[in-house]
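Overview (structure and organization)
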Amino acid sequence: MAKHSKVPARRGSTVPRAPRKAAEKAPKVGAGELHTLFDFLRYAVSRFNAAKLVFAHGTTDPVAEAGFLICETLHLHPDQFENFATARVTVAEGKQILDLIERRIATRKPAAYLVNKVYMRGLPFYVDERTIVPRSFIGELLDSHFGGDEDGTSLIGDPEEVERVLDLCTGSGCLAILAARHFPNAAVDAVDISKDALEVAARNVADHGLDDRLTLHRGDLFKPLGDSRYDLIISNPPYVDAEGMAALPRECRAEPKIAFDGGADGLDIVRRLLDEAKQHLTPQGGLLCEIGRGRDNLEAAYPNLPLLWLDTEDSEGEVFWIAAADL
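Figured I'd write up the structure that's included with this text. Residue positions are given per chain, counting from 1 as you read along its sequence in written order. Local features in a predicted model are, by the rule used here, given only for residues with pLDDT of at least 70; side-chain atom pairs are given and counted only at 80 or more, and totals for whole chains, interfaces and linings are based on all residues. With hydrogens and water excluded, all non-hydrogen atoms of the structure serve as input to the side-chain values.

Once that is clear, we can look at helix α2 (residues 62-73). Put simply, DSSP H or I for four residues or longer makes a helix, DSSP E for two residues or longer makes a strand, and each gets a number counted from the N terminus. Helix span, as expected, comes to 1.5 Å for every residue beyond the first. For α2, which comprises 12 residues, the first-to-last C-alpha distance of 16 Å matches the rise-based estimate of 16 Å (1.5 Å per residue) to within 8%. For every residue, the accessible area obtained with a 1.4 Å probe (protein chains only) is divided by the maximum for its type, and the residue is called buried under 20%, exposed over 50%, and partly exposed between those limits. A large share of α2 lies buried, amounting to 11 of its 12 residues. Among the residues of α2, Pro62, Ala64, Glu65, Ala66, Gly67, Phe68, Leu69, Ile70, Cys71, Glu72 and Thr73 are the ones counted as buried. Of the surrounding secondary structure, the elements contacted by the buried residues of α2 are α1 (37-51), α3 (81-84), α4 (91-107), α5 (111-115) and β1 (118-120). Nitrogen and oxygen atoms within 3.5 Å of one another constitute a polar contact, given that in protein one can donate a hydrogen and the other can accept it, and given that sequence-neighbouring residues count only through two side-chain atoms. One side-chain oxygen of the residue at the start of α2 lies 3.0 Å from the amide nitrogen of Val63, identifying that residue as Asp61. Among the residues trailing α2, His75 stands out with phi positive, at a value near 60 degrees. Whether two residues are in contact is decided by their heavy atoms: any pair within 4.5 Å suffices.

Any Phe, Tyr or Trp ring, taking Trp's six-membered ring, that has another such ring centre within 6.5 Å forms a pair; planes under 30 degrees apart are called stacked, those over 60 apart edge-to-face, and the others tilted. As enumerated under the stated definition, the model contains 5 aromatic pairs in all. Judged by centre distance (5.8 Å) and plane angle (75 degrees), the ring pair of Phe38 and Phe81 falls under edge-to-face. Here Phe81 lies in helix α3 and Phe38 lies in helix α1, a separation of 43 residues in the sequence. The exposure class assigned to Phe38 is partly exposed, which follows from its relative accessible area of 45%. Working rule: Lys NZ or Arg CZ, within 6 Å of ring centre, within 35 degrees of ring normal, means a charge sits over the ring. Note that Arg203 overlies the ring of Tyr126, its terminal NZ or CZ placed 3.7 Å from the centroid.

Okay, structure coming up:
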């Protein structure tokens, strides 16, 4: 089964919306008809497929999403599903699982909102409708491209020598928290324009015990930071273009619009990041930024910038790196 923590979805991808139709009445499931976690998984996948749900919030297929919801109901980490796949479910637990399956179908809300949780890199984070459901490739890239420099592949040298990190458009704070864990000696600043999002981020910072190293700021990109400079700036900003905004599925429309809308070509915020980042980077620093499907537009707008495109297990050309010296 696909693991919820390892299949981030593409925020900027366009998913055609199916025409709305009258909600189908949930089929009756008799007591004792479904027994094991596998039984409920198969049933949930069948229901999700029949309802033509869209999966774009941490899980990218019905199997992973069903497993995530089942595990959350049973207070299990998604990685534990296979350990308990053949275990029997109690009647009360089964009712909770079935209720959650039907809520997912009836409301079309992201699964993360229904259980107030999402996993990134295997770690749990709180999430609700005040912020976008986090699903960024940057967490994986921190692990794959910002490690120790024994093999000469790290983009920034020894993680223990990184002193200051900035996360712009932090949302629920997940990337800032992952960065704080990855760079153990760094002070991390995280900025968002949304008061509501920062309230969610504050809860996650406290939950992960990082109040002493991670500071949240409310404001428009670099404005609340003065002349501060950083060894690394990361950002997963709004980058959906007008075409993508018009085609957002119902699940995505449950999220704050401000977290998606990147303007006509999706680059309104990205341009500002590129134009202003150099003034906030140390000489050896750099910018790591996710832009979804905007690579062609970005390269056309900045033909002379030596952008390095970084791929992940589930993405190609959706995140770029540029060193401060090249800005």
